[in-house]
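Topology and contacts: notes
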Amino acid sequence: MIKRVYCALCGRLLFKYEKIGKGKLHHLWRGRILEDHSVREGRVVLCPCGNEIGMDLGMRIELRKKAVRIE
Ligand SMILES: [Zn+2]
């Protein structure tokens, strides 16, 4: 199933992601990210608008739930 992760502040599309299995999306595994429009400041993952949306842990990105909208 393809999920889209949007910035909760500006509405920009940040990720297209292939989700496997049920349940809520809390993190993004690197190998399943189909599109990435986010920017980085070190390990901090940001929307181009400046909203901090998560942390890059290498194999996965942990999302800040309130910073994104997932559809
Ligand atoms: Zn934004």
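Numbering of residues starts from 1 in each chain and follows the order in which that chain's sequence is written. Residue-level local features of this predicted model are given only where pLDDT is at least 70; pairs of side-chain atoms are given and counted only at 80 or more, and the full residue set underlies all totals for whole chains, interfaces and linings.

1. Looking at the pairing of strand β2 (residues 13–18)
Following DSSP output, two strands are said to pair if at least two bridges run between them. Each helix is a run of DSSP H or I of at least 4 residues and each strand a run of E of at least 2, with the numbering of both proceeding from the N terminus. Relative to β2, strand β1 (residues 2–7) runs antiparallel, the two sharing 5 bridges. Each residue of the ladder has a partner; that of K3, found in β2, is Y17. The antiparallel hairpin formed by β1 and β2 contains 5 residues in its connecting segment, where G11 sits at a positive phi of about 85°. Across 3 bridges, β2 lies against strand β4 (residues 33–36) in antiparallel orientation. Its bridge partner being in β4, Y17 is matched across the sheet by I33.

2. Observations regarding the pairing of β1
Bridge analysis of β1 against strand β9 (residues 68–70) gives 3 bridges, and the strand direction is antiparallel. Bridge pairing in β9 links C7 to V68.

3. Describing the sheet that holds strand β6 (residues 44–46)
One open sheet holds the 5 strands; their spatial order is β3-β8-β7-β6-β5, and the pairing between them is antiparallel. Looking at the sheet topology across the chains shown, the edges are occupied by β3 (27–29) and β5 (39–41). Shown here is a sheet whose adjacent strand axes are inclined to one another by a mean of 30°, direction ignored. When β6 meets strand β7 (residues 52–56), the two strands line up antiparallel, connected through 3 bridges. Within the sheet, the bridge partner assigned to L46 lies in β7 and is E52. Structural elements are reduced to axes, namely lines fitted to C-alpha atoms, with helices fitted over the stretch in contact, and the angle between N-to-C directions of any two is expressed from 0 to 180 degrees.

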